[in-house]
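Architecture and fold: a report
So the chains spell out like this:
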Amino acid sequence: MYAILHQLKKEEQARLLFILYGPLHRGKLIWNMICENTAADFDQLKHCFGEFGAMLSFLTIKGTEGNFLCHGTRAKNHAMQVFDWMISEPADWLVENIACVIYAAGWDFMKTFLVFKAINLEIGEIVALLTSLCLLLVKIKEDVSRLLDLMRCVLDTMNKDKRYLLIDQLSSSFNYVFLDMQPELNDRQSEFLFVLEAQASFLRALLVGLFDEKPLSPILAAKRPRNDRELRPLKQRK
């Protein structure tokens, strides 16, 4: 696999990996649908994204040996750039599907990808992903407080101003979900209650996180970000 992939550009690697391991529906590769629909429950998530997530989990291998995309210490950074290409083909994916994929890839991959986004100061995308991950965890009945560990890693990467900007945007992130639902609210009462439950769970976990054994408060107050030597800012795509 490496002998083939290492000869390709990042965007070509992304397309090939998507063709080989991408999500399936009724035995067919999901292409345009990835930008339009998302998994309804855990079984669909596992069926559509399980193998894809398992492949992606290998991309977070650490150390000088690298992974099957790229050898050396820059392998993790290279892998995140390739995944970033994947989620923009054939058009930008639904953020719910990105959340499903990185969840299927495991918490190490989630942390790495969110830190990659933080290093590139893509705060809007981080907010959207954390919101979608929260909705996903509530949907599959997992503990929302697990998101706090991801937030610690993300906040630890940012300077003080960006940290407060992220928290500020997170505090109102569910408002946009409600606004999207408003035109059809009468027909989507159950969905509205579900989002409301997710919002309450997330805000409750966030408040608890300010005062627990590993509180967010010192991270918010820290003046300097902590650098990840294996991840670098993304260069402008040509």
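Scroll up for the structure.
A quick note: this is a predicted structure, and the numbers were derived from the prediction, not measured. (Residues numbered from 1 in each chain as written. Predicted model: local features only at pLDDT ≥ 70, side-chain atom pairs only at ≥ 80, totals over all residues. Heavy atoms only, no water.)

**Some words on the overall build of the chain**
- When its secondary structure is counted, the chain shows twelve helices and two strands.
- Ordered by position from the N terminus, the helices and strands of the chain form the series α-α-β-β-α-α-α-α-α-α-α-α-α-α.
- Among the 238 residues that make up the chain, the fraction classed as buried is 45%.
- Carbon and sulfur atoms form 53% of the exposed surface of the chain, whose accessible area is close to 13000 Å². (Helix = DSSP H or I, 4+ residues; strand = E, 2+ residues; numbered from the N terminus. Buried < 20%, exposed > 50% of the residue type's maximum accessible area, 1.4 Å probe, protein only. Areas by Shrake-Rupley, 256 points an atom, 1.4 Å probe, with all protein chains shown as cover.)

**Some remarks on the packing of aromatic side chains**
- What the rule picks out here adds up to seven aromatic pairs.
- Note on Phe-18 and Phe-52: the rings are 5.9 Å apart at their centroids and 90° apart in plane angle, and the pair reads as edge-to-face. Here Phe-18 is found in helix 2 (residues 10–21), whereas its partner Phe-52 is found in helix 3 (residues 42–57), with 34 residues between them in sequence. The pair formed by Phe-18 and Phe-52 is uniform in burial state, with each residue classed as buried. (Phe/Tyr/Trp six-rings, centres within 6.5 Å; stacked < 30°, edge-to-face > 60°.)

**Some details on the pattern of salt bridges**
- Taken as a whole and assessed by the stated rule, the structure comprises five salt bridges.
- Two residues, Lys-117 and Glu-122, come together in a salt bridge whose shortest N-O distance is 2.8 Å.
- Residue classification places Lys-117 among the buried positions, given a relative accessible area of 1%.
- With a shortest N-O distance of 3.5 Å, Arg-146 and Glu-142 are connected by a salt bridge. (Salt bridge = Lys/Arg side-chain N within 4 Å of Asp/Glu carboxyl O.)

**Considering helix 3**
- End to end, helix 3 covers just 18 Å across 16 residues, shorter than the expected 22 Å (1.5 Å per residue, more than 12% under).
- Taking the largest bend as the criterion, helix 3 deviates by roughly 55°, centred on Phe-49.
- The complete set of buried residues in helix 3 reads Leu-45, Cys-48, Phe-49, Phe-52, Gly-53, Met-55 and Leu-56.
- Tucked inside the fold, the buried residues of helix 3 contact helix 2, strand 1 (24–25), helix 4 (75–86), helix 5 (95–105), helix 6 (107–119) and helix 7 (123–139). (Expected span 1.5 Å × (residues − 1). Bend = angle between axes of the 7 residues up to and from the residue. Contact = heavy atoms within 4.5 Å.)

**Let's talk about a nonpolar patch on the surface**
- Together, Ile-19, Leu-24, Leu-29 and Trp-31 give the surface a local cluster of nonpolar side chains, amounting to about 340 Å² of exposed area.
- If you trace the backbone, Leu-29 turns up in strand 2 (residues 28–29). (Patch = residues over 30% accessible without salt bridge, like charges linked within 9 Å, V, L, I, M, F, W, Y side chains within 5 Å.)

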